[in-house]
Amino acid sequence: MTEIAMLEAALKESTLEESTLEESTLEDSTVEALTPVEALATEGTNTGEGTLVDGLLAESFHQEPPKREEPWVLVKSRKGGRPKPVPKPADVKTIKFEPTIKAMDPLPLLSKEAIAGQHFYTYREYKQSREYRVLKAIIKEFVRDTFKDSASGEDPVRKAVCLGIGSFDPENGSWSVKEKAHVQLAAFLLIVEEIEKFCKKPIKCIFQEPAFEVSDIAFITSLGHEVVESPVAFDAVDSHTFLFGVHLYRDVYAHAFKNGDFPALFIGTGWDVWSDVNYRWEPEECTLDAIEIMEKTHKKFAFPEAKGKNIFYGTSIYWD
Ligand SMILES: C[S@@+](CC[C@H](N)C(=O)[O-])C[C@H]1O[C@@H](n2cnc3c(N)ncnc32)[C@H](O)[C@@H]1O
């Protein structure tokens with residue numbers, strides 16, 4: 001089953017209505033004709049502010065009330081026991097305080113079907129966007145460069161590692177956090193689909209995000225991908241990996257490059273951003289030497305972004 005077919009199946013189960021949306025009208029032939037440079041020439045300038053937004057740790061607050069299974073027990077008074085005296089109102093020293101206003105019930109967690117429903121629309125909208133046409137042209141150039149000598153041998157890209165995408169169901173229900181996760185996932189999956197067209201075997205997708213809730217994991221695994229706990233995905237990064245991590249913390253990037261291999265394709269915060277950040281003290285495990293080297297030795301493109309958006313702000317695309 002393809003990614004989109006699975007999303008469509010999940011959508012049928014969700015409560016969202018799809019009748020108002022039309023199918024894509026984008027013509028792929030235009031995309032085929034564009035080189036990334038031509039496509040970028042038609043692209044707007046990225047003017048988003050450089051705020052790298054912290055992902056929210058969604059907490060599970062769904063709790064079942066305890067079940068009563070024991071039968072009621074009738075407590076009998078002791079034979080010969082004296083009845084206790086009833087205290088006079090003046091003798092009552094402690095009055096139990098009961099708040100009259102109760103805290104609001106937390107928002108229920110989204111089901112994986114509801115997340116899949118939201119993703120279906122974001123994926124389709126992103127696929128029709130001008131930014132995606134530019135991205136597709138860039139990925140075609142990556143494929144031309146990377147797959148040219150691989151006709152008989154093994155695929156140059158075998159794994160795709162996605163780090164720190166954020167929760168699709170953040171604790172505060174913020175749409176801007178959800179939107180980032182959905183658009184970044186759509187871009188990641190579309191890049192994988194594009195590269196896979198030239199591969200002999202499917203690309204294995206691995207996700208690592210400590211902020212994932214149960215429903216996030218259920219959604220990603222329902223798409224046929226693997227979710228691992230940190231630091232498992234770091235060990236998976238090698239020279240046959242497409243590494244994708246947008247707006248990650250310095251130490252997360254450092255750990256992703258700790259194996260010493262340059263990934264076949266890297267999408268993440270570029271050296272132009274990191275070189276502007278001054279650190280008084282840099283622990284060895286936080287070094288970003290790999291990104292600095294890629295800046296000098298690799299091909300680099302700015303990740304295409306619509307004007308006024310900051311979903312991919314400061315993000316670059318590197319390959320050798
Ligand atoms: C600044 S947020 C970026 C979230 C999202 N990609 C965005 O652009 O808004 C950094 C993300 O990295 C995640 N993160 C932290 N430690 C991580 C780890 N060891 N592996 C993968 N992701 C991690 C956080 O949970 C958080 O969602």
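Remember, predicted model here, so these are calculated numbers, not experimental data.

Caption draft 1: Local environment of the overall build of the chain. Assigned secondary structure in the chain consists of 11 helices and 7 strands. Put simply, the chain has 320 residues, and 34% of those count as buried. For the chain, the proportion of contacts with a sequence separation of at least 24, taken over those separated by at least 6, is 74%.

Caption draft 2: Region of interest: the pairing of strand E2 (residues 204-208). Pairing analysis gives 5 bridges linking strand E1 (residues 159-163) to E2, with the strands arranged parallel. Bridged to Lys159 within E2 is Lys204. Each parallel crossover has a hand, and the one from E1 via helix H6 (residues 175-196) to E2 is right-handed. As paired elements, E2 and strand E3 (residues 226-228) share 3 bridges and run parallel to each other.

Caption draft 3: Molecular detail of unusual backbone geometry. In this model, Ser230 is joined to Pro231 through a cis peptide bond whose omega is 15°. Tracing the backbone through its elements, the reader meets Pro231 in the loop between E3 and helix H8 (232-236). The backbone phi angle of His247 is positive, close to 60°, even though this residue is not glycine. Position of His247 among the secondary structure elements: in the loop between strand E4 (241-245) and helix H9 (250-256). Overall, His247 belongs to the buried group, with 25 C-beta atoms counted inside 10 Å.

Caption draft 4: Layout of the packing of helix H5 (residues 130-147) against H6. Contact pair H5 / H6: the axes reach a minimum separation of 10 Å and the direction vectors enclose 40°. On the basis of their axis angle, the class for H5 and H6 is oblique. Here H5 and H6 pass one another in a crossing that is right-handed. Of H6, the residues touching H5 (which contributes Tyr132, Leu135, Lys136, Ile139 and Val143) are Ala187, Leu190, Ile191, Glu194 and Ile195. For the contact of H5 with H6, the residue count by class is 8 nonpolar, no polar and 2 charged.

Caption draft 5: Quick look at helix H11 (residues 289-297). Where H11 is concerned, the buried positions are Ala290, Ile291 and Met294. Looking straight down H11, one finds that the buried residues subtend no more than 95° of arc, so they occupy a single side. Exposed side of H11, more than 90 degrees from the buried face: Asp289 and Lys296 are the residues found there.

Caption draft 6: Layout of the environment of Arg133. When you line up the elements, Arg133 lands in helix H5. Arg133 sits in the buried class, given 20 other C-beta atoms within 10 Å. For the pair Arg133 and Pro304, spaced 171 residues apart in sequence, the C-alpha separation works out to 9.1 Å.

Caption draft 7: The sheet that holds E2, seen in detail. Strands sit in the order E3-E2-E1-E4-E5-E7-E6 across an open sheet of 7 strands; the sheet is mixed. The open sheet has two edge strands, E3 and strand E6 (299-302), and neither has a second partner. Taken over all neighbouring pairs, the strand axes of this sheet differ in orientation by 20° on average, direction set aside. The sheet contacts of H5 involve strand E5 (265-269), E6 and strand E7 (315-319), and relative to E7 the element is tilted by about 20°. Packed on one face of the sheet, H6 meets E1, E2 and E4 and runs near 165° to E4.

Caption draft 8: How the structure looks around the packing of helix H4 (residues 112-127) against helix H7 (residues 214-222). Two numbers describe how H4 lies on H7: the axes approach to 8 Å, and their chain directions differ by 60°. In this structure, H4 meets H7 at a crossing whose hand is right-handed. Side by side, H4 and H7 meet where Lys112, Ile115 and Ala116 of the first sit next to Ser215, Ala218, Phe219 and Ser222 of the second. The residue makeup of the contact of H4 with H7, split by class, is 4 nonpolar, 2 polar and 1 charged.

Analysis parameters
All chains use their own residue numbering, which begins from 1 and follows the written sequence. Under the rules for a predicted model, residues below a pLDDT of 70 receive no local features and side-chain atom pairs below 80 are neither given nor counted, while totals for whole chains, interfaces and linings still include all residues. Put simply, DSSP marks the helices as runs of H or I at least four residues long and the strands as runs of E at least two long, and each gets a number from the N terminus on. Buried means a residue has 20 or more other C-beta atoms within 10 Å of its own C-beta, exposed means 12 or fewer, and partly exposed covers the counts in between; C-beta atoms are placed from the backbone. Here the contact rule is simple: place C-beta atoms from the backbone, and any two residues whose C-beta atoms are within 7 Å are in contact. Paired strands are those between which DSSP finds at least two bridges. Classification remark: right-handed applies to a crossover when, strands pointing away from the viewer, the course from the first strand over the helix to the second runs clockwise. Simply put, an axis is a line fit to the C-alpha atoms, just over the touching stretch for a helix, and the angle between two N-to-C directions goes from 0 to 180 degrees. Relative orientations are named as follows: roughly parallel for angles under 35 degrees, roughly antiparallel for angles over 145 degrees, roughly perpendicular for angles from 65 to 115 degrees, and oblique for any other angle. The handedness criterion is simple: a crossing whose near helix is rotated anticlockwise from the far helix by less than a right angle is left-handed, and one whose near helix is rotated clockwise is right-handed. Classes in brief: Ala, Val, Leu, Ile, Met, Phe, Trp, Tyr, Cys and Pro nonpolar; Asp, Glu, Lys and Arg charged; the others, Gly included, polar. Our arc is simply the arc of the directions from the helix axis toward the C-beta atoms.

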